[in-house]
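Fold and contact review
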Amino acid sequence: VFSDGKNSVEMENNIIFREFAGLSVQGNYLIKDNRIIFFRLKTFYIMPYSYIKVLKLELKSIVRILRLGGPFITQAIFYRLLYVMIYPFWKNKKIWLFVDRQESADDNAEHLFKYSIEQDDGITKYFAINKDCDDYRRLNKDCDNVIAFGSFKHKLNYLFSEKIVISQVTRARLNPFTHENNRLYEGLNTYKFCFLQHGVTKDDISWWIKKFHKNLYMFLTVSEMERQSIINGHYNYDEDRVPVLGFPRFDNLTSKSEKQILIIPTWRRDLENYKDFISSGYYENLKNLLSDERLIEKCDELGYKIVFKPHPELLKFRDLFKLDNIELSDEPFQKLFEKASLMITDFSSVAFDFAYLKKPVIYYHENDDYHYEKGYYDYQT
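The text that follows walks through the structure, step by step, so that each part is easy to find. (Residues numbered from 1 in each chain as written. Predicted model: local features only at pLDDT ≥ 70, side-chain atom pairs only at ≥ 80, totals over all residues. Heavy atoms only, no water.)

What follows deals with the overall build of the protein chain. The helix and strand tally for the protein chain stands at 13 helices and 16 strands. Buried positions account for 48% of the 381 residues belonging to the protein chain. Look at the contacts in the protein chain between residues 6 or more apart in sequence, and 65% of them connect residues 24 or more apart. Carbon and sulfur atoms provide 51% of the accessible area of the protein chain, an area that totals close to 20,200 Å². In the protein chain, 54 positive and 54 negative side-chain charges are present, and the distance between their average locations comes to 9 Å. (Helix = DSSP H or I, 4+ residues; strand = E, 2+ residues; numbered from the N terminus. Buried < 20%, exposed > 50% of the residue type's maximum accessible area, 1.4 Å probe, protein only. Contact = heavy atoms within 4.5 Å. Areas by Shrake-Rupley, 256 points an atom, 1.4 Å probe, with all protein chains shown as cover. Lys, Arg positive; Asp, Glu negative; His and termini not counted. Charge placed at Lys NZ, Arg CZ, Asp CG, Glu CD.)

Put into structure tokens, the structure is as follows:
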């Protein structure tokens with residue numbers, strides 16, 4: 001019901017729960033701050049926590065899940081009942097989950113995790129990553145509480161997390177139930193989504209990361225210029241949700257320059273399949289750069305090595321590039337930044353890491369087809 005003092009209007013609308021609402025058709029209640037919130041017949045009810053009340057609501061949720069059917073319902077019922085049973089014992093636990101990507105680390109979440117586990121603050125911290133990747137084995141040697149992404153331990157701690165601290169904004173990157181009918185778990189996870197970013201936001205990406213889509217608890221920025229672009233743009237976050245703290249990974253950047261040129265382009269989100277990719281100007285220009293005889297001969301003459309580090313989204317196309325005289329690197333980004341003396345990129349925000357080390361960057365905009373809208377950052381100035 002809306003009234004401006006002179007006119008009024010009343011609307012009867014269906015309620016549809018978005019991804020971050022914490023509620024769904026299957027799970028219409030949640031527990032937060034020792035209260036129960038549940039939704040019924042277009043009305044939200046708030047009441048003090050009661051184990052008996054929660055048990056009754058959960059049994060009704062299970063009935064709805066069984067009635068609606070679908071995949072993974074047996075597993076979902078198991079985790080839901082487990083959550084209700086141990087909630088009284090775990091409700092005061094402070095658990096933070098750190099994630100970069102499922103298949104790799106070496107970004108802001110890893111660096112903040114390593115710092116935070118040294119702090120004696122009563123918070124239990126975990127870093128989640130796929131068990132079959134190199135970064136899992138590397139981190140597991142150096143740190144405690146590195147857990148396999150999608151494991152039982154990860155899923156249980158995910159449901160009880162107070163904060164999820166991640167360098168990616170896509171929720172599929174943090175949710176271990178993503179491919180297991182994750183809507184069945186809405187209501188159980190009431191975490192705060194702390195977005196560390198994996199690159200400086202220099203373009204206008206408000207259509208993707210605005211509050212209506214992501215509802216971030218914190219949106220980390222590295223400069224006042226970047227912060228103002230978020231606050232004054234179309235992102236709709238309150239000012240106190242957008243602090244200027246710098247990137248955790250910047251703290252560990254070092255420089256021991258060698259005779260290396262690092263070619264490190266970003267990706268194009270409209271080039272997802274082989275056919276589109278191979279017929280694109282983006283591929284043609286990048287291929288020409290990597291096989292440019294003048295560049296290769298001059299580097300050979302001066303004793304420079306050319307290193308190619310494709311964006312993770314480009315790795316599936318790496319066999320399309322002829323790299324006879326160029327090294328395809330799988331080294332961590334920080335190590336590459338440390339050793340390179342020159343970076344060539346198109347629109348990748350890794351240029352900021354390199355500039356932070358006061359090293360020169362060449363912007364190679366041969367094909368001006370970047371997939372984000374221009375923001376506050378101007379390459380000419």
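The discussion continues.
Position of Q168 relative to the elements: it lies in the loop between β9 (163–166) and β10 (192–195). If sequence neighbours within four positions are ignored, Q168 has contacts with D100, R101, R173, F193, F195 and H198.

On to the sheet that holds strand β13 (residues 305–308), then. Taken in spatial order, the 5 strands of this open sheet run β14-β13-β12-β15-β16, and their pairing is parallel. Each edge of the open sheet carries a strand with a single partner, namely β14 (327–328) and β16 (361–363). Relative to strand β15 (residues 342–345), strand β12 (residues 260–263) is paired through 3 bridges, and the arrangement is parallel. Across the sheet, residue I263 finds its bridge partner in β15, namely I344. (Pairing = 2+ DSSP bridges.)

Taken as a whole and assessed by the stated rule, the structure comprises 0 disulfides. We note that C143 lacks a disulfide partner, and the nearest cysteine sulfur, in C133, lies 13 Å from it. (Disulfide = S-S within 2.5 Å.)

Below, the discussion takes up the packing of helix α1 (residues 51–68) against helix α2 (residues 73–90). The geometry of α1 relative to α2 is characterised by a closest axis approach of 11 Å and an angle of 175 degrees between their N-to-C directions. By the criterion of interaxial angle, the relationship of α1 to α2 is roughly antiparallel. Residues Y51, V54, L55, E58, S61, I62, I65 and L66 of α1 form the contact with α2, whose own contacting residues are I73, I77, R80, L81, V84, M85 and P88. Its residues placed into classes, the contact of α1 with α2 shows 12 nonpolar, 1 polar and 2 charged. (Axes fitted to C-alpha atoms, helices over the stretch in contact; angles between N-to-C directions. Parallel < 35°, antiparallel > 145°, perpendicular 65-115°, else oblique. Nonpolar A, V, L, I, M, F, W, Y, C, P; charged D, E, K, R; others polar.)

This next bit is on the nonpolar core. One finds Y83, Y158, L159, F160, I209, L216 and F219 to be the most contacted residues of the largest nonpolar core, which totals 50 residues. The element best represented in this core is α2, accounting for 8 residues. Those residues in contact with L216 that sit more than four places away from it in its chain are V169, F193, F195, I209 and Y237. F127, C133, L139 and L336 belong to the second largest nonpolar core, which has 33 residues in total. (Core = buried A, V, L, I, M, F, W, Y, C linked by side-chain atoms within 4.5 Å.)

Moving on: a positive patch on the surface. Together, R40, K53, K56 and K60 make up a region of like positive charge exposed at the surface. With 3 residues, the single largest contributor to the positive patch is α1. Assessed through its relative accessible area of 42%, R40 is described here as partly exposed. (Patch = residues over 30% accessible without salt bridge, like charges linked within 9 Å, V, L, I, M, F, W, Y side chains within 5 Å. Salt bridge = Lys/Arg side-chain N within 4 Å of Asp/Glu carboxyl O.)

A full pass over the atoms with the stated rule returns 2 cavities of 30 Å³ or more. Looking at the largest cavity, it is lined by 16 residues, and the ones nearest its centre are P265, Y282, L286, D346 and Y364. Contributions of two or more residues to the lining of the largest cavity are made by α10 (281–290) and β15. Per element, the largest residue contribution to the lining of the largest cavity is 4 residues, and it comes from α10. The class makeup of the residues in the lining of the largest cavity is 9 nonpolar, 4 polar and 3 charged. Considering only enclosed or pocket space, the second largest cavity measures out at about 50 Å³ in volume. Along its surface, the second largest cavity is lined by W267, R268, L271, E272, F277, E313, L314, K316 and F317. Residue composition of the lining of the second largest cavity, grouped by class: 5 nonpolar, no polar and 4 charged. (1 Å grid on protein atoms, 1.4 Å probe; cavity = no way out; pocket = protein on both sides within 12 Å on 5 of 7 lines; lining within 4 Å. Points joined across faces, edges and corners; volume = space filled by probe spheres on them.)

Taken as a whole, this structure holds 35 aromatic pairs when the rule is applied. Where Y83 meets Y87, the ring centres are 5.8 Å apart and the plane angle is 45 degrees; that geometry is what we call tilted. Taken together, the residues Y83 and Y87, both in helix α2 and 4 residues apart, mark about one turn of the helix. With respect to class, Y83 is no different from Y87; both count as buried. Between Y363 and Y379, the aromatic rings sit 4.8 Å apart at their centres with planes inclined by 80 degrees, giving edge-to-face as the arrangement. Taken together, the positions of Y363 in strand β16 and Y379 in the segment after β16 put the pair 16 residues apart, joining distant regions of the chain. (Phe/Tyr/Trp six-rings, centres within 6.5 Å; stacked < 30°, edge-to-face > 60°.)

Here we come to the packing of α2 against helix α5 (residues 152–159). Two elements in contact, α2 and α5, have axes separated by 10 Å at closest approach and are oriented at 60 degrees. In terms of orientation, α2 lies oblique with respect to α5. Seen from above, α2 lies across α5 with right-handed handedness. In this structure, α2 uses Q75, F78, Y79, L82, Y83, I86 and W90 to contact α5, whose residues at the interface are F152, K155, L156, N157 and L159. (Left-handed = near helix turned anticlockwise from the far one by under 90°.)

Within the chain, N34 stands out as a residue other than glycine whose phi angle is a positive 60 degrees. Here N34 shows up in the loop between β3 (29–32) and β4 (35–40). We classify N34 as partly exposed; its relative accessible area is 45%. Despite not being glycine, D106 has its phi angle at roughly 65 degrees, a positive value. As for its position among the elements, D106 is in the loop between β6 (95–99) and α3 (108–116).

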